[in-house]
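Fold and contact review
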Amino acid sequence: MNHPTPRANIGVVGAGAIFDAYARGLAWYGDLPIVRIADIDTGRARAKAEEHGIAAYGTPAELYADPDIDVVVNITPPVVHWEVTRDALAAGKHVYAEKPLAATVELARENLQQADAAGKILAGAPDTFLGTAGQTARAAVDRGLIGTPFAATSFVRSSKVETWHPNPGFFYQPGGGPVLDWGPYHVAALVNLLGPVTEVVGTSSIPTPTIPVTTPGRVVDSIDVNVPTTAASLLRTASGAIVSALYSFDIWDMTLPHIEVYGTEGTLIVPNPNGHDAAVQIKRRGDKEWSDLEPVLPPTCTYEYGMFRGHGVNDLVNSLRGEPLRVSGRFALHVLEVLEAMERATFAGGVRTIADAAVRPAAAVLPGSAALPKPSAA
C-alpha cells in the first residue's frame, strides 16, 4: 500500500477512552500518522499501539525525546494537561491539548507564555466547530440568513457518566463538571458564531454532593462532588449578542435544543457541538416549517464510524505552512476563562469581565462559496 508523505509525525500522550477517536480521525486525514503513543501505564499504551498499528509506545519522557515527532497531542486528564504540555514544549515540540487547555486559567497562561518563548505552536480543543455543522451554521450567520444575531441559548444536560464509566470521579473534580467537561464545546461553538465573550454573570450549585455509581463492573460505588454540577449564566459577546446558558449534570433528560441562535430575521438550531455532521436547521420570518441547511462541507464521518477527533491537529499542522490557526492556544484560553467565570460566578460578585480577549476564528468556508440560500430582500 502506498502511504502519502506525512505533513507531520504525531505523538500522543494518553491512552484513555478518547484515544480511539483521535486514532480514527488522524487516520482519516491519511498524512498525519501517529508514530508513537505514551502513557504512564505503558501496558495500556502498548495495547493501543497494537490495536492501531502504531510502531512505538512507552513513557511520556520517551515520547518527548523522540526526534521524529513533530506535534504532541496531549489527551491526558485535565489535571495534568499543564504538566504534559510544559514538558512537550520544553522538548521542542508543537502541542495540541485536549480541553480544557489546563485545569485553570493561570496554568494555561503559563503554557502559552512558554510556547511563545520557545517559538512553538500551542493549540487546543475543542475543534468540533470546524466540522460540517459548525461551519454550516457559521456560513449562515455570515451570509445574514437570520439577520443580525442578538441572542442565543446554550444547554447541557447530564452525560450520565456514572452509568457507563467504571471510575467517573474525575468528571466531578476540578477540571471536570458540566462547565469544564461539556462547556468547552458549547462556548467554542458560540464564539465561532457570535464572536468572543466580554462579560459573564451567573450562579452555580451542587444539588447532589454524593453521586451513586451504577456502572456494571464499576471500581467505586459512589463519588464525592467537588465542582458545581449546575451553572446558570448570561454571557455578553463583543458583538452585543446575549447568551443564556444552563449547564448541568443534574438534569437527567430534557426537550431543549443544544444551541439556538436568534437573529432579527430568523432562528438557527445548531446540533450537539460535541459532534461534527448533524443537520443545522433554520426558520426565517414567514417560513411555516423548519428546514435543514445544505452542508457547506462534506461530512467527516457517520455515527456508525464512531467518535471522531483530529480537525484541530490538522488545523495546527496547516498553520505551520502559513494557513490560519483557528484553534489557537489563545482561543482555547479565552474559552477556558469564560468557563472559569461561569463556574465561579455569584450574584453577589456581579459581572465578571473576560480579560483574555480572542479573535473570532476564521471560517473554514467563505460566506459566498457554499450552497446556502441567499437572504431575501427586506
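Quick note: structure is the one above.
Notes on the structure follow. Since the structure is predicted, the reported quantities are computational estimates derived from the model, not experimental observations. (Residues numbered from 1 in each chain as written. Predicted model: local features only at pLDDT ≥ 70, side-chain atom pairs only at ≥ 80, totals over all residues. Heavy atoms only, no water.)

Our focus in this paragraph is the overall build of the protein chain. Secondary structure assignment for the protein chain yields 10 helices and 17 strands. At 20 Å, the protein chain has a C-alpha radius of gyration in line with the 21 Å of a compact globule built from 378 residues. Along the three orthogonal principal directions, the C-alpha set of the protein chain runs to about 60 × 50 × 40 Å. Residues classed as buried in the protein chain amount to 54% of the 378 residues present. A fraction of 72% describes how many contacts in the protein chain between residues 6 or more apart in sequence connect residues 24 or more apart. (Helix = DSSP H or I, 4+ residues; strand = E, 2+ residues; numbered from the N terminus. Rg over C-alpha atoms; globule rule 2.2 N^0.38 Å. Buried < 20%, exposed > 50% of the residue type's maximum accessible area, 1.4 Å probe, protein only. Contact = heavy atoms within 4.5 Å.)

This part is about the pattern of salt bridges. What the rule picks out here adds up to 18 salt bridges. Residue Asp 87 pairs with Arg 86 through a salt bridge whose shortest N-O separation is 2.9 Å. Given the relative accessible area of 26%, Asp 87 is considered partly exposed. Of the charged contacts in the structure, one is a salt bridge between Arg 218 and Asp 221, with a shortest N-O distance of 3.0 Å. By relative accessible area, which is 56% here, Asp 221 ends up exposed. Each of Asp 20, Lys 48 and Glu 51 takes part in salt bridges that share partners, so that together they form one network. (Salt bridge = Lys/Arg side-chain N within 4 Å of Asp/Glu carboxyl O.)

For the rest of this paragraph, the subject is the sheet that holds strand β6 (residues 122-124). Across the sheet, which stays open at both edges, the six strands sit in the order β3-β2-β1-β4-β5-β6 with parallel pairing between neighbours. Whereas interior strands pair on both sides, the edge strands pair on one side only; in this sheet they are β3 (56-58) and β6. On average, adjacent strands in this sheet sit at an angle of 20° to one another, irrespective of strand direction. The sheet strands contacting helix α1 (residues 19-29) are β1 (10-13), β2 (34-38), β4 (71-74) and β5 (94-97), and the helix crosses β2 at an angle near 175°. Across the sheet, helix α2 (residues 42-52) lies against β2 and β3, angled at about 165° from β3, the strand it touches most. (Pairing = 2+ DSSP bridges. Axes fitted to C-alpha atoms, helices over the stretch in contact; angles between N-to-C directions.)

Attention now moves to the nonpolar core. Counting 95 residues, the largest nonpolar core has Ile 10, Tyr 96, Val 261, Leu 268 and Met 342 as the members making the most contacts within it. In terms of residue count, helix α10 (residues 329-344) provides more of this core than any other element does, nine residues in total. Contact partners of Met 342, with chain neighbours within four places excluded, come to Val 179, Val 187, Val 200, Ala 231, Ser 233, Leu 235, Ala 245 and Tyr 247. (Core = buried A, V, L, I, M, F, W, Y, C linked by side-chain atoms within 4.5 Å.)

A word on unusual backbone geometry. A cis amide bond, omega -15°, links Lys 99 with the succeeding residue Pro 100. For Pro 100, the location among the structural elements is in the loop between β5 and α5 (105-118).

Counting through the fold element by element, Arg 285 comes out in the loop between β15 (281-284) and β16 (291-292). Placed 75 residues apart in sequence, Arg 285 and Arg 360 show a C-alpha to C-alpha distance of 27 Å. Apart from residues lying up to four places away in sequence, Arg 285 is in contact with Thr 264, Glu 265 and Gly 266.

This paragraph deals with α10. For α10, spanning 16 residues, the distance from its first C-alpha to its last is 22 Å, which sits close to the expected 22 Å at 1.5 Å a residue. α10 sits mainly inside the fold: 14 of its 16 residues count as buried. (Expected span 1.5 Å × (residues − 1).)

Spatially, nine strands are ordered β16-β15-β14-β13-β7-β12-β11-β8-β17 in an open sheet, and the strand pairing comes out mixed. A single partner strand is all that each edge strand has here, and the edge strands are β16 and β17 (352-353). The pairing of strand β14 (residues 266-270) with β15 spans four bridges and is antiparallel. Of the residues in β15, the one forming a bridge with Gly 266 is Arg 284. Sheet strands in contact with α10 are β8 (197-205), β11 (230-237), β12 (242-248) and β17, and its direction is about 35° off that of β8.

A separate point is the side chain of Ser 328. Take Ser 328: it is sitting in the loop between α9 (311-319) and α10. Polar side-chain contacts of Ser 328 include one of 3.1 Å to the backbone nitrogen of Phe 331. Once residues lying within four places of it in the same chain are set aside, the contact partners of Ser 328 are Leu 122, Ala 123 and Gly 124. (Polar contact = N/O pair within 3.5 Å; in protein donor to acceptor, adjacent residues only side chain to side chain.)

Taking burial as the measure, the five residues of β14 include five buried ones, the bulk of the element. In β14, alternate side chains face the same way, and those of Gly 266, Leu 268 and Val 270 on one face and Thr 267 and Ile 269 on the other are all buried. Hairpin connection from strand β13 (residues 259-263) to β14: two residues lie between these consecutive antiparallel strands.

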